[in-house]
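# Report on the structure
Okay, here's what each chain looks like letter by letter:
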Amino acid sequence: MGYWQVSADTLARSRFTISPLAEATACLGLLARGTPAHPGERGWLDAHLPAYRERLAGDPITDLLLRAARGHRWIADFLVPAPHGGADATFEDEVEHIRATPPETVRADLTVSLGRPPPAALDRPDLGARAADLLAWVWRETVLPSWPRRRRILEADIVARTERLSQGGWAAALEDMGAEMRWMGDGRLQINALDYPPRELSGAQLMFVPVTPHSGWVAWEVPHRYAVVYACSGALLGGEDPVPRALGRLLGPGRAGVLVLLDSPKSTTQLVAMTGQGLGSVGRHLKVLLDAGLVRRRRAGRSVLYWRTELGHALVSGHRGPVESP
C-alpha cells in the first residue's frame, strides 16, 4: 500500500482549502470519463458533454494530450499540481502553473502516466499551454456559472470535517474521504492500495482539497507541498439550487431550500454555508420544519444534526419538477 509518513509539525500546519483549479480539473475528468457517478452528474453531463466533445474534435492534439495524461492508473503530475497560494487564489492564478510547465517536464510526466514514451505527435513545446487552455474552457463554460453554489458546498464540507477533527481527531476527519484512504496512526496516512514506497512529509505543507464531482487524487511538489483532493459530501445537483417551484411556493424558497438539502444529516453551520442564508434565517426555517414534523434532529458531539423525516421526503419527492433559480 502507499502511505505518507506525516510528521507532527506538518500535521499541525495542515489545512483544508478550496482550489478553483482542482474543481475545474475534477470537472474535466468527469467530462473525459463521460459517465456519471450519481444522478446529479447525469444532468450536468447532458448539459456540457456535447460542447466538450465538439471542442476536442476540433483540436486533435489536445485530445491526444488529455488521453495520454489520464493514464490507466496514474494522472500526469503536471496536470494536477498541488494548489498554490491561499484561500483567495483565483483560477487564473492557479492555472498559470500548468501553462508554465517546461516541455521536458510534460513529456517526462506523460511517460509515467502512459508507461511508455508519448506519441511523436506530442513532441512539441506548447503542451502545457494547451492543457491550460482546455482547463480554462472547462472553468469558463461549465464551472464558473455555478461557482458560488459550488463554493458554498465545498465550504460546508470543510466545516463538517473541521468539526469531526475537533471531536474525533484525524481518523474521524478523513473518514469517507476515499475508498483506500485512512489514518493508520503513528503519523501514517494511507493514500491508496498501490505498492509504492512511503513518502516522508517532514517540513512540508499538507492540504486537503474538496471538489464537488465524484473524483479524487493526490498531488505534490516535492519536498514542499502535498495535497489530497477528494469528493466532498454534498453532491452537486445540476448547475442551480434544486428547489422545486411548487415546493418553493408552498414553503417559501429559503425554507424549501433547507428542506431539500436535508436528504442527509447536516449541521446548522453547514446549512448556512450551503444556502448562503444567515444563521438566524436558517434557525427559523429549521424550527418551523421541526414543528411541522418534516425534519428531525439529534446531537452529535458539539453539533446538532438535522435530516428529513419520511414526511419531509414525501413532500420533496411529490413536488419534484421545475426548479427555482438561485
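Residues numbered from 1 in each chain as written. Predicted model: local features only at pLDDT ≥ 70, side-chain atom pairs only at ≥ 80, totals over all residues. Heavy atoms only, no water.

## Some thoughts on the overall build of the protein
Threshold: Elements are defined by DSSP. Helices are runs of H or I of four residues or more, strands are runs of E of two residues or more, and each kind is numbered from the N terminus. Only C-alpha atoms enter the radius of gyration; for comparison, a globular chain is expected to reach 2.2 Å times N to the power 0.38, where N is the number of residues. We call two residues contacting when some pair of their heavy atoms lies within 4.5 Å. In these tables, accessible area is a Shrake-Rupley quantity obtained with a 1.4 Å probe, and a residue counts as shielded only by the protein chains included in the view. Charged residues are defined narrowly, with Lys and Arg counted positive, Asp and Glu counted negative, and His plus the chain ends left uncounted. We put the charge of a Lys on NZ, of an Arg on CZ, of an Asp on CG and of a Glu on CD.
Of the regular secondary structure elements, the protein holds 13 helices and 13 strands. Taking 2.2 N^0.38 as the reference for a compact globule, 326 residues should give roughly 20 Å; the C-alpha atoms of the protein span a radius of gyration of 21 Å, in line with that estimate. Its C-alpha atoms give the protein principal-axis dimensions of about 65 × 50 × 30 Å. Across the protein, the fraction of contacts at a sequence separation of at least 24, relative to all contacts at a separation of at least 6, is 66%. Carbon and sulfur atoms form 53% of the exposed surface of the protein, whose accessible area is close to 15100 Å². Seen as two clouds, the 38 positive and the 35 negative side-chain charges of the protein have centres 7 Å apart.

## A short note on the pattern of salt bridges
Note the following rule: Every case where a carboxyl oxygen of Asp or Glu lies within 4 Å of a side-chain nitrogen of Lys or Arg is listed as a salt bridge. Summary of the burial criterion: residues with accessible area below 20% of their type's maximum are buried, those above 50% are exposed, and those between are partly exposed, where the area comes from a 1.4 Å probe applied to protein chains only.
Counted under the stated rule, the structure contains 18 salt bridges. With its nearest N and O atoms 3.2 Å apart, the salt bridge here joins Asp-46 to Arg-42. Taken together, the residues Asp-46 and Arg-42, both in helix α3 (residues 39-57) and 4 residues apart, mark about one turn of the helix. Overall, the relative accessible area of 33% leaves Arg-42 in the partly exposed class. The partner of Asp-263 in a salt bridge is Lys-266, and the shortest N-O contact between them spans 3.5 Å. For Asp-263, a relative accessible area of 49% translates into the label partly exposed. Under the relative-accessibility criterion, Lys-266 is labelled buried at 7%. Each member of the salt-bridge network shares a partner with another, and the members are Arg-55, Asp-59, Arg-124, Asp-126 and Arg-130.

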